[in-house]
Amino acid sequence: MLDLEVVPERSLGNEQWEFALGMPFSQAISILQKHCRIIKNVQVLYSEQTPLSHDLILNLTQDGIKLLFDATNQRLKTIAPTIEQIDQSFGATHPGVYNAAEQLFHLNFRGLSFSFQLDSWNEAPKYEPNFAMGLASLQIPHGAMVKRMHIYTGNNLQETRAPAMPLACFLGNIYAECVDVLRDRAGPLGLRLRLLTAGCGLGGMTDSKVKALERSIYFGDSCQDVLGALGSPHKVFYKSEDKMKIHSPSPHKQVPSKCNDYFFNYFTLGVDILFDSTTHLVKKFVLHTNYPGHYNFNIYHRCDFKIPLVIKKEGADSQTEDCILTTYSKWDQIQELLGHPMEKPVVLHRSSSANNTNPFGSTFCFGLQRMIFEVMQNNHIASVTLYGAPRTTSHARPESSSSSH
C-alpha cells in the first residue's frame, strides 16, 4: 500500500507525485509510467460500445485506488481509494447516514466521503432514526474500518463534475478549450481555436492565472503563420505515403513529389497540421477525438470541435437548415445530414514497426464535402481530416483577443 496524503476537493498524493482533480488523463498515465516500479497492475476501464456513457477509469489494483475521469472532457473528477483505516484528521465528527440499498454507512464532508460496512465494526452502532428523510443516522464508533473513500469537488458525490484543469497541470503547454471549423458553402476554410495557458505573474505560481487566447489559422497559411499563432509544435512528422489520395480531387493527376509533406503535431490541442513539402503552406487539418479503444488513444488530448453545416432541404422553396457536427456526433447521425458516401471506405489498420498487431481493429475512412471521417467500429468518430484549396485572397484576421480567469 502507498503512503498517501489526502486533500479534500483537491488531490491525493505524496512527496513524489500527486493526482489532482481536473488533471488530464494523459498526465495521470505519465505519472503511472514514471513510477511503474512502485505502482503496478494498472487497469484501464471503459465502455467499448458507449464510451461517453461511462467514466474512463484507471484502476490501481494493488493499491486500492480508482481514478475516475469524466467521459467527455477526460479530466479527473473523482479519486476513490479503498483504504483500511480513517486517518485521525478525518474522524467521525458528525453522524453518518445509512444507505439500505448499498448496506453501507456514509460519512460525508465537503469534497470527501467515507463508506463503512457494518460487519467491520467492533461495537454496535448507535441508531438515531431520521423520519423526515426516511434514513437512519448513527454515531460511527471509534476504530471503525473503511470500505471506500472518495475525493471529489463539491458537496455531493452524485453530482460532482470534473473541475477546470489546475494550474500545476499546464506544465508550460497550451490547451484548446474548443475548436471551431471556419467554412463557406464550398467547404472548410480553417480553424478558430480558443486556447488556454497558465501565465505567471511577478509572484510566480501564486499569482498565476489561466489566460484565454483566440487564434485563427487557414488553408494556405505558411509555417511562419502557424508558428506565430500556435507556437512550436510538440513534434514534426514527415509522411512516407498518403493513403487518403483516393478522396482528393483528381487523384490520378497528382504527380509524385521528391520531398515528403510534413505534419506539425500539437498533442495538447488534439490537432495535426499538414504542410505541402514544396510550398510549405497548410493543406490539411486533422482533429482527434481521443476515444478509448482507438490505436492512437492517449497520444492526443481530445479536440472539442464544432463543424457548422448548411443542409439543403428537399422541396421547391430550397430552404436550408443550419446544423453542427461535434466531437460527440456519431457516424450514422453524420450520414443523415451529409448523405451516404458514393465510394467505398479506405480501411486503416494501424500498427507499429516493432509490433504489427493492433488489438483495437481497423477503422474506416469516408470522404464527404472535403472532410474525411475516420470511423471506429462502435460508430464513433476517431478523427476528422479537413482539406481544401489554399487561399486565393487574404482573409481578414481578427485581432487576437485574450482574457484571464
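A brief report on the enclosed structure follows. These numbers were taken from a predicted model, which means no experiment stands behind them.

What follows is about the pairing of strand β25 (residues 371-375). Within β25, 5 of the 5 residues are buried, leaving the element largely enclosed by the surrounding structure. Of the two faces of β25, both are covered, the one formed by Met-371, Phe-373 and Val-375 as well as the one formed by Ile-372 and Glu-374. The pairing of β25 with strand β26 (residues 381-387) spans 5 bridges and is classified as antiparallel. Each residue of the ladder has a partner; that of Glu-374, found in β26, is Ser-383. What sits between β25 and β26 in their antiparallel hairpin is a turn of 5 residues, with Asn-379 showing a positive phi close to 80 degrees.

Turning next to the pairing of strand β9 (residues 104-109). Regular strands have side chains that alternate between both faces of the sheet. Sheet topology note: the β9/strand β10 (residues 112-116) ladder contains 5 bridges and is antiparallel. From the neighbouring strand, Phe-109 faces β10, where its bridge partner is Leu-112. Between the end of β9 and the start of β10, which pair antiparallel, lie 2 residues, with Gly-111 showing a positive phi angle near 80 degrees.

The subject of this paragraph is the sheet that holds strand β18 (residues 262-266). An order of β17-β18-β19-β20-β26-β25-β24-β23 is seen for the 8 strands of this open sheet, with the pairing classed as antiparallel. A single partner strand is all that each edge strand has here, and the edge strands are β17 (235-238) and β23 (346-348). Pairs of neighbouring strands in the sheet enclose a mean axial angle of 20 degrees, with direction left out of account. In terms of strand pairing, β17 meets β18 through 4 bridges, oriented antiparallel. Across the sheet, residue Tyr-238 finds its bridge partner in β18, namely Tyr-262. Against the sheet, helix α2 (residues 223-230) contacts β18, β19 (271-275) and β20 (282-288), and its axis sits at roughly 5 degrees relative to β18. The strands touched by helix α3 (residues 331-338) within the sheet are β24 (363-368), β25 and β26, with β25 carrying the most contacts at an inclination of about 150 degrees.

Here we take up α3. Listed in full, the buried residues belonging to α3 are Trp-331, Ile-334, Gln-335 and Leu-338. The buried residues of α3 occupy an angular sector of 100 degrees when the element is viewed end-on, so they sit on one face. One or two residues past the end of α3 sits Gly-339, with phi positive at roughly 90 degrees.

Peptide bonds are mostly trans, and most non-glycine residues show a negative phi. You will see that Asn-298, though not glycine, has its phi angle at about 80 degrees, which is positive. Accessibility expressed as a relative area gives 21% for Asn-298, which makes it partly exposed. One non-glycine residue, Asn-379, adopts positive backbone phi at about 80 degrees. Mapped onto the elements, Asn-379 comes out in the loop between β25 and β26.

Moving on to the environment of Lys-330. As for its position among the elements, Lys-330 is in the loop between β22 (320-326) and α3. Judged by relative accessible area, which is 26%, Lys-330 ranks as partly exposed. When neighbours within four sequence positions are excluded, Lys-330 is seen to be in contact with Asn-379 and His-380.

Here we come to the pattern of salt bridges. Considering all chains together, one arrives at 6 salt bridges under this definition. Note that Glu-177 and Arg-194 form a salt bridge whose closest N and O atoms lie 2.4 Å from each other. Of this pair, Glu-177 sits in strand β14 (residues 175-183) while Arg-194 sits in strand β15 (residues 188-201); the two residues are 17 residues apart in sequence, bridging distant segments of the chain. The exposure class of Glu-177 is partly exposed, given its relative accessible area of 35%. Ionic pairing is found between Asp-276 and Lys-283, a salt bridge with its closest N-O pair at 3.8 Å.

Once that is clear, we can look at the environment of Ile-31. Mapped onto the fold, Ile-31 is located in helix α1 (residues 25-34). The spatial distance from the C-alpha of Ile-31 to the C-alpha of Gln-16 is 9.5 Å, given a sequence separation of 15 residues. Not counting chain neighbours up to four residues away, the residues in contact with Ile-31 comprise Trp-17, Glu-18, Phe-19 and Met-23.

Scanning all chains against the criterion turns up 12 aromatic pairs. Ring centres 4.7 Å apart and planes at 25 degrees place the aromatic pair Trp-331 and Phe-366 in the stacked group. Residue Trp-331 is found in helix α3, and its partner Phe-366 is found in strand β24; the two are separated by 35 residues along the sequence. A relative accessible area of 14% means that Phe-366 is categorised as buried. Within the aromatic cluster, the residues linked to one another by ring pairs are Tyr-238, Tyr-262, Phe-264, Tyr-266 and Phe-275. Residue placement shows Arg-302 over the ring face of Tyr-291; its charged tip is 4.5 Å from the ring centre.

Before going further, it helps to examine the nonpolar core. Leu-191, Leu-230, Ile-273 and Phe-373 are the most contacted members of the largest nonpolar core, which totals 41 residues. Apart from residues lying up to four places away in sequence, Leu-191 is in contact with Val-179, Asp-180, Val-181, Leu-182, Arg-215, Ser-216, Ile-217, Val-271, Phe-285, Leu-287 and Leu-386. Met-23, Phe-25, Leu-58 and Phe-69 belong to the second-largest nonpolar core, a separate cluster that totals 34 residues.

Calculation notes
Residues numbered from 1 in each chain as written. Predicted model: local features only at pLDDT ≥ 70, side-chain atom pairs only at ≥ 80, totals over all residues. Heavy atoms only, no water. Buried < 20%, exposed > 50% of the residue type's maximum accessible area, 1.4 Å probe, protein only. Helix = DSSP H or I, 4+ residues; strand = E, 2+ residues; numbered from the N terminus. Pairing = 2+ DSSP bridges. Axes fitted to C-alpha atoms, helices over the stretch in contact; angles between N-to-C directions. Contact = heavy atoms within 4.5 Å. Arc of directions from axis to C-beta. Salt bridge = Lys/Arg side-chain N within 4 Å of Asp/Glu carboxyl O. Phe/Tyr/Trp six-rings, centres within 6.5 Å; stacked < 30°, edge-to-face > 60°. Lys NZ or Arg CZ within 6 Å of the ring centre and 35° of its normal. Core = buried A, V, L, I, M, F, W, Y, C linked by side-chain atoms within 4.5 Å.

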